[in-house]
Amino acid sequence: MKLFDVYPINNIEIVKGQGSLVWDDKGQEYLDLYGGHAVISIGHTHPHYVERLTQQLSKLGFYSNSIKISLQEELAEKLGKVSGREDYQLFLCNSGAEANENALKLASFANGRKKIVAFTKAFHGRTSLAVSATDNPKIIAPVNQTENVVFLPHNDVDALKALFDKEGNEICAVMIEGIQGVGGIQVASDEFLQSIRSLCTQYGAYFIADSVQCGYGRSGKFYASDFAGVDADIYTMAKGMGNGFPIGGISISPALKPWHGMLGTTFGGNHLACAAALAVLEVIEQDHLMDNAAKIGTYLIEELKKLNHINEVRGRGLMIGIDLPEELNQVKKNLLFNHHIFTGEAKPNVIRLLPALNLTKEHADRFLEALNKELKA
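My aim in this report is to walk through the structure given alongside it, one point at a time. Keep in mind that this is a model prediction, so the values were computed, not measured.

1. A few points about the sheet that holds strand 6 (residues 149-152)
- Strands sit in the order 4-12-11-10-7-5-6 across an open sheet of 7 strands; the sheet is mixed. A single partner strand is all that each edge strand has here, and the edge strands are strand 4 (89-93) and strand 6. Shown here is a sheet whose adjacent strand axes are inclined to one another by a mean of 20°, direction ignored.
- Two elements, strand 4 and strand 12 (residues 248-252), share 5 bridges in a ladder whose sense is antiparallel.

2. Brief notes about the packing of helix 2 (residues 47-59) against helix 8 (residues 271-286)
- Put simply, helix 2 and helix 8 touch, their axes get as near as 9 Å, and they point 155° apart. Here helix 8 runs roughly antiparallel to helix 2, going by the angle between their axes. Crossing geometry of helix 2 relative to helix 8 is assigned as right-handed. Here His48, Tyr49, Arg52, Leu53, Gln56 and Leu57 of helix 2 come into contact with helix 8, specifically with His271, Leu272, Ala275, Ala276, Leu278, Ala279, Val280, Glu282 and Val283.
- Of the residues assigned to the contact of helix 2 with helix 8, the class counts are 10 nonpolar, 3 polar and 2 charged.

3. Some thoughts on the side chain of histidine 46
- Here histidine 46 lies in the loop between helix 1 (35-38) and helix 2.
- Its relative accessible area of 16% is what places histidine 46 among the buried residues.
- Leave out the neighbours within four places in its chain, and histidine 46 touches Val283, Asp287 and Asn358.

4. Side note on the packing of helix 6 (residues 157-167) against helix 7 (residues 190-203)
- Contact pair helix 6 / helix 7: the axes reach a minimum separation of 10 Å and the direction vectors enclose 10°. Taken together, the axes of helix 6 and helix 7 are roughly parallel relative to one another. Where helix 6 abuts helix 7, its residues Val157, Leu160, Lys161, Phe164 and Asp165 lie against Glu191, Phe192, Ser195, Ile196, Leu199, Cys200 and Tyr203.
- Here the residues of the contact of helix 6 with helix 7 sort into 8 nonpolar, 1 polar and 3 charged.

5. Some words on the pairing of strand 17 (residues 350-353)
- Judged by which residues are buried, strand 17 turns out to be covered on both faces: Val350 and Arg352 on one side and Ile351 and Leu353 on the other are all buried.
- Bridge analysis of strand 14 (residues 319-323) against strand 17 gives 4 bridges, and the strand direction is antiparallel. Pairing of glycine 321 across the sheet is with arginine 352, part of strand 17.
- One ladder, built from 3 bridges, connects strand 16 (residues 344-346) with strand 17; its direction is antiparallel. Counted as the bridge partner of alanine 346 is valine 350 from strand 17.
- The turn joining strand 16 and strand 17, which pair antiparallel and follow one another in sequence, is formed by 3 residues.

6. Observations regarding helix 3 (residues 70-83)
- Taking 1.5 Å per residue as the helical rise, helix 3 with its 14 residues ought to reach 20 Å, and the 20 Å between its terminal C-alpha atoms agrees with that figure.
- Trailing helix 3 by a residue or two, glycine 84 shows a phi angle of about 75°, which is positive.

7. As for the sheet that holds strand 14
- Here we have 4 strands laid out as an open sheet, ordered 13-14-17-16, and antiparallel in their pairing. Two strands bound the open sheet, and with one partner strand each, they are strand 13 (312-316) and strand 16. Within this sheet the neighbouring strands show an average axis-to-axis angle of 25°, counted without direction.

8. A word on helix 8
- The end-to-end C-alpha distance of helix 8, which contains 16 residues, comes to 22 Å, matching closely the 22 Å that a straight helix rising 1.5 Å per residue would cover.
- Among the 16 residues that make up helix 8, 14 are buried, leaving the element largely enclosed by the rest of the structure.
- Two to three positions downstream of the cap, the backbone nitrogen of leucine 272 sits 3.2 Å from a side-chain oxygen, assigning the N-cap of helix 8 to asparagine 270.
- Phi turns positive, to about 55°, at histidine 288, one or two residues after helix 8.

Analysis parameters
Residues numbered from 1 in each chain as written. Predicted model: local features only at pLDDT ≥ 70, side-chain atom pairs only at ≥ 80, totals over all residues. Heavy atoms only, no water. Pairing = 2+ DSSP bridges. Helix = DSSP H or I, 4+ residues; strand = E, 2+ residues; numbered from the N terminus. Axes fitted to C-alpha atoms, helices over the stretch in contact; angles between N-to-C directions. Parallel < 35°, antiparallel > 145°, perpendicular 65-115°, else oblique. Left-handed = near helix turned anticlockwise from the far one by under 90°. Contact = heavy atoms within 4.5 Å. Nonpolar A, V, L, I, M, F, W, Y, C, P; charged D, E, K, R; others polar. Buried < 20%, exposed > 50% of the residue type's maximum accessible area, 1.4 Å probe, protein only. Expected span 1.5 Å × (residues − 1). Polar contact = N/O pair within 3.5 Å; in protein donor to acceptor, adjacent residues only side chain to side chain.

Here's what the structure looks like:
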C-alpha cells in the first residue's frame, strides 16, 4: 500500500525536537518557527508535558465518555481560568475542523436557523459544514455544497450591517477567525468584531470565534478576538491545545443549554488528550507564555518592518505574516535549505511565523539575520 498523495512534502525527516529546535535523521539542526502549523505551543518535548503524558499513560490511556473522567473537569476548570471564561462550558473533541463543525451545529440547534455568515479568505476546516464555510471552492466537494453559507468581504462593517438589515432574522451564526491563518495573517479589526457582537445580539444569531490557529495565547491574549473587548458565544480551539497530541474543543456561553445526545464523540476528551491539554495550560500559566508571545512578537514585527523588500508585515503576538513581492518567492525555500529554518506560508507569497510561545529573542534574532541575508541576496 502507498500513501495517498495529498501534500507536497520536503524531503526532510525530523526525528528529534527540543524547545524551538528540531533535528533530522542526519543530525542537522533546524530552527522551528512553524510549530507543525501552530501546533507546538510550549516547545517540543517540554519536560512537564512529557511527564504529564507519561504518568497518565502508565495508569490509563483511554476509556469512553460513558464514565466520569475527572481530568475533563480539571481541564475545564483550568481552561476557564486561563482564558477568563470561567462561566463557559467545555465540549471536547479531536480537531479544529470537528470543533468548528460542532460549533455550527450547536448554534443551529439553539436558534433553529440555517444561514451561516463567513468571510473572504476564511479557512474553517475540511469537514462537511466547516469546509462549506471555507473560502476555497477547490476543496469543497459537490456533496459539501450548500446555499446556507454566505461569504462577505473581510473587515467590511457596512456589508455586514447590510446583510443583517436584510436577512438578520434568518442568520444562525457568524463565524470568523480573530486572525486568519491560511488567509495570509489577516487581522480582524476591533471595530469589525464589535459589530459582529452587536449585530448577533440584536438579531439572536451566535458569534463563533474560530480560535483554532489564532487562539491559545498565540496572539498575546488567550483568544485573538479578545483584543476587541467582546465575548463570543462560542470559541473553537485545537492546534496549540495539546502541543501535538490531537485534541479540540469548544468553549460555550452559559446561555446555550445542552441536552443529552446534542453533541457526541468517542475519542474526544480521552485521558491522554486531557493530560496533554492540562500540561499545556499549566506551562502557559506558570511561564507567562502569553506575555512572552506579546513581547517577542512585538519585537519581531518591529524589526521586520525595518527590512527592505517587504510589502507588508501583519499579525499579533507570535502569529506573523510577511508579505513578499513575487520576485522573492524563493525566500521561504531558501530559509529552509540554506539557513535550516522552518516557516509556514500562505498564498500567494506570504511567509507565516507560528513558533512556540516560549520562543527566545536569541532565536528571533537568528531568523531576522537569515531573512535579512535572503532579502539582500
